[in-house]
Amino acid sequence: MLEIKNLHVTVDGKEILKGIDLSIGAGEVHAIMGPNGSGKSTLSYVLAGRDGYEVTQGSILFKGEDLTAKNVEERAAAGIFLALQYPIEVPGVTTMTFLKTAVNAIRVARGEGELDAVRFLKLVREKAKPLNVTDEMLKRALNVGFSGGEKKRAEILQMALLDPSLCVLDETDSGLDIDALKVVSDGVNMLRSPERSMIVITHYQRLLDHIVPDRVHVLSGGRIVKSGDKELALELEKSGYADYAADAA
Amino acid sequence: MTMAARNMKTGIAERRLIEEAGAPGFAHAGWFDKARLAALDSFEAAGLPHRRLEDWRYTDLRQILEKRLARVEENSGRSDAPAGLLDAVDAYVALIGADGVEGDFSALPEGAEIMRLGDVLDEGWVRDAMDASVFGNTDAPQAAAIIDLNTALLGGGVAIHIAHGVVLEKPIHLAFSGNGTRHLRSVIVLEEGASACIIESHQAGANAFSDLVSDIRLTRNASLTRIRIQNDDRSAIHLASDRIVLGEGAVLDGFLMTLGAAVSRNQSFVRFTGEGARATVNGVYALRGSQHGDHFCLTDHAVPGCESVTLYKGVLDEAATGIFQGRVLVRPDAQKTDGRQANHALLLSREATMNAKPELEIYADDVQCAHGSTVGELDRDAVFYLRSRGLDEASARQLLISAFLDEVFEAVTHEGVRDILRVIASEWFIQERGRHHE
């Protein structure tokens, strides 16, 4: 699904990622953990194609194609979805309008044709219900005045609607209380399938109690310094990142 | 004597004509001929406003107009059909040209009248409405002085009278178009408890110079919704001043959209003369190329207990210049005033310019007033966010620009017109999209 080789990335002339190798198979969930400033968010933005993140060396292949040649919206159409740590508030655009615009943009790009209003509404209701996203929320401006939990649920709803094949969840647990974490994690778990891979970026192990990963990687100083199975996350919870930070320096 | 004044004298060269017979093509009444000459005198004394006057700091009319006034231009204006989109609004349509007012007003309800201004100049209500003495101690004499030009050279206009208690269900649509130079006046009077919605569309042709003044009187508990869409040719000059007086409990719901003209200056002078009145003076401007759009708003709280809201939002692309000069004046007696004023602009290009000067001038102590001004660019994070959900860059920008402006559209009370404004805005952005794809 995703093949990253020797990836070097600079932001504002500063090298943040210093040679990442990562291979994710179809249906696999990989967790990326690491201290602040280790490059976790940079990795997520590079995958999504954000401006200002320059790949200076290495390659990213997504479903066998060079991802770096595609712009942001082409990557979205190809099946990459980034759930943001801090979803952006967009005043004046209702969540429903935004979802319809996004779903149809992606469908058109995938050659599936737009959904009419009735079919779209049916689809939204079906996906929104388990995430506890109410009609009232859908009528509000996108993310405006949403609580932390509502924002993350709205992100997962977008993910469910856009039907991506690689989900990148950037610190999805930040700002969530235990109950909200459960709802969001359940939503993510429902989207797990043999065709869909996930990268779960998190600082803390607790999210991984809910979304159980196949592999765990420790990112520090712009490199993956250790990989293991889910036990690695538990180990980190005990020992902290101090050892790895020292390794990277 | 200033050069402008000399040009006025030799250039218009029609002073004698005015003295003898009034301005060409316009009926005259004794009182008005006197007012016209007085206006000409004071305009000649002041000359055209220029950059060194604070109220005209960003719009040098002397430079812009001198050339135009140096010759007498034929009134060549002819009103065409109103802009296509507004045709969809069921309204009483009046075509306002240099030489008259056309339309079928037979369906107007009893007590609502639309007339040629020249035909009713001697009516008391017209004379009262055109009497500027209520604004005599206005706090913006520099800005108001340009109205003398209109009075001196007035060539026509429309008079609308809505009688006591008459509620007009359908809007009146005043469609301004035509070419050349036009000095026009609208007199709009709503008597006690009357209610109306007046839409103005402006579609002047290439190189036109529109000099427009509206004298509006809202008597006790009268209610006026006024929506203007200025879409003159982008080579035109558009100068518009509104003098609006609100009596006790009167409500003004005003909205202006500035899209057209090479140079436009809109001046709004709102004055409360009765308690418990409420005025909304909102606007949207969307300018590109080298367009220059100046919005000057003075709200004068002369009596207690009135509420005013001024909210402008603009988008400026390419090398366009936007100007907002707002002033809320709260006089010593005007306790319990609620005055709010804000201007927010989005610059879509590094070459665009915004000048904003919001001011509060408060002499009463028990008031609630606020003002604000922001100038920014499109939020890059938001553009990225929308693109990461599959929208292409132009669509993402369009959505964000429309969303930015929507707060002002949302406040427009006429639903049909509100939808049209949104369409007009998105068409403007589709043009922008074309540019970005070039």
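Residues numbered from 1 in each chain as written. Chains lettered and ligands numbered in written order. Predicted model: local features only at pLDDT ≥ 70, side-chain atom pairs only at ≥ 80, totals over all residues. Heavy atoms only, no water.

Residues and elements named next belong to chain B. Along its sequence, chain B is carved into domain 1 (3-377) and domain 2 (380-438). At the interface, 31 residues of domain 1 touch 23 residues of domain 2. Across the domain 1 to domain 2 interface the summed buried area is about 2300 Å²; carbon plus sulfur atoms make up 73%. Three residues stand out in domain 1 for area buried against domain 2, namely Leu85, Arg288 and Lys313, and they jointly supply 23% of the buried area on that side. Scanning the region where domain 1 abuts domain 2 turns up one salt bridge. Inspection of the domain 1/domain 2 interface yields three residue pairs in polar contact (both at pLDDT 80 or more). Looking at the side of domain 1 that touches domain 2, the elements with two or more residues in it are β7 (195-204), β9 (223-230), β11 (251-258), β13 (278-287), β15 (307-316) and β17 (338-347). Residue contributions to the side of domain 1 that touches domain 2 peak at five residues, all from β13. (Domains from an automatic or database assignment. Contact = heavy atoms within 4.5 Å. Buried area = accessible area lost by both parts, 1.4 Å probe. Salt bridge = Lys/Arg side-chain N within 4 Å of Asp/Glu carboxyl O. Polar contact = N/O pair within 3.5 Å; in protein donor to acceptor, adjacent residues only side chain to side chain. Helix = DSSP H or I, 4+ residues; strand = E, 2+ residues; numbered from the N terminus.)

Checked against the element boundaries, Gln230 of chain B lands in strand β9. Side-chain polar atoms of Gln230 of chain B contact the backbone nitrogen of Asp232 of chain B, separated by 2.9 Å.

Attention now goes to the sheet that holds strand β4 (residues 53-62) of chain A. All names here are of chain A. Read across the sheet, four strands follow the order β2-β1-β4-β5 without closing on themselves; strand pairing throughout is antiparallel. At either end of the open sheet lies a strand with only one pairing partner, and these are β2 (14-24) and β5 (65-66). Inspection of the sheet shows β4 paired to β5 by two bridges, in the antiparallel sense. Note that in β5 the partner of Leu61 across the bridge is Asp66. (Pairing = 2+ DSSP bridges.)

Residue and element names in this part refer to chain B. Per-residue confidence for chain B gives a mean pLDDT of 86; residues scoring 70 or more make up 86%. Scored below 50 in pLDDT, residues 1-13 shows 27 contacts in the model against residues more than four places distant or in partner chains. Contacts from residues 70-82, a stretch scored under 50 in pLDDT, to residues over four places away or in other chains number 34 contacts. (pLDDT = per-residue confidence, 0-100.)

Residue and element names in this part refer to chain B. Taken in spatial order, the 10 strands line up as β2-β1-β5-β7-β9-β11-β13-β15-β17-β19 in an open sheet, and their pairing is mixed. The open sheet terminates on both sides in strands that have one partner only, identified here as β2 (100-102) and β19 (368-376). Pairs of neighbouring strands in the sheet enclose a mean axial angle of 10 degrees, with direction left out of account. The sheet contact formed by strand β1 (residues 92-97) and strand β5 (residues 172-178) spans five bridges and is parallel. When the bridges of β5 are listed, Ile96 appears paired with Phe176. Across the sheet, helix α9 (residues 393-410) is in contact with β11, β13, β15 and β17; its angle to β15 comes to roughly 160 degrees. (Axes fitted to C-alpha atoms, helices over the stretch in contact; angles between N-to-C directions.)

What follows is about the environment of Ser308 of chain B. Residues and elements named next belong to chain B. Tracing the sequence through the fold places Ser308 in strand β15. For Ser308 and Tyr385, which are 77 residues apart along the polypeptide, the C-alpha to C-alpha distance reads 37 Å. In this view, Ser308 contacts Phe272, Ala279, Thr299, His301, Asp338, Gly339 and Arg340; residues no more than four positions away in its chain are not counted.

Between chain B and chain A, the residue contacts involve 16 residues of the former and 28 residues of the latter. Looking only at chain B, the three residues that lose the most surface to chain A are Phe384, Tyr385 and Arg389 of chain B, adding up to 43% of its buried area. One can count three salt bridges joining chain B with chain A. For Arg387 of chain B, the salt bridge identified is with Glu73 of chain A, shortest N-O distance 2.6 Å. Run the count over chain B and chain A and you get nine residue pairs in polar contact (both at pLDDT 80 or more). Those elements giving two or more residues to the side of chain B that touches chain A turn out to be α8 (380-387) and α9 of chain B. Looking at which element gives the most residues to the side of chain B that touches chain A, the answer is α8 of chain B, with six residues.

Another point: the packing of helix α3 (residues 95-109) of chain A against helix α4 (residues 117-128) of chain A. Residues and elements named next belong to chain A. For the pair α3 and α4, the least separation of the axes is 11 Å and the interaxial angle reads 110 degrees. It follows from the interaxial angle that α3 and α4 lie roughly perpendicular. Touching Met96, Leu99, Lys100, Val103 and Arg107 of α3 are Ala117, Arg119, Phe120, Leu121 and Val124, all from α4. Of the residues contributing to the contact of α3 with α4, the split by class is seven nonpolar, no polar and three charged. (Parallel < 35°, antiparallel > 145°, perpendicular 65-115°, else oblique. Nonpolar A, V, L, I, M, F, W, Y, C, P; charged D, E, K, R; others polar.)

All right, on to the pairing of β9 of chain B then. All names here are of chain B. Burial analysis of β9 places seven of its eight residues in the buried class, which makes it a mostly covered element. With eight bridges joining them, β7 and β9 adopt parallel strand pairing. The residue bridging Ser201 from the neighbouring strand is Ile229, located in β9. Pairing geometry for β9 and β11, over eight bridges, is parallel. (Buried < 20%, exposed > 50% of the residue type's maximum accessible area, 1.4 Å probe, protein only.)

This brings us to α4 of chain A. In an α-helix there are 3.6 residues to a turn, and that puts residues three or four apart on one side. Under the 1.5 Å per step criterion, the end-to-end length of α4 of chain A is 16 Å for 12 residues, consistent within 8% with the ideal 16 Å. One side-chain oxygen of the residue at the start of α4 of chain A lies 3.1 Å from the amide nitrogen of Val118 of chain A, identifying that residue as Asp116 of chain A. (Expected span 1.5 Å × (residues − 1).)

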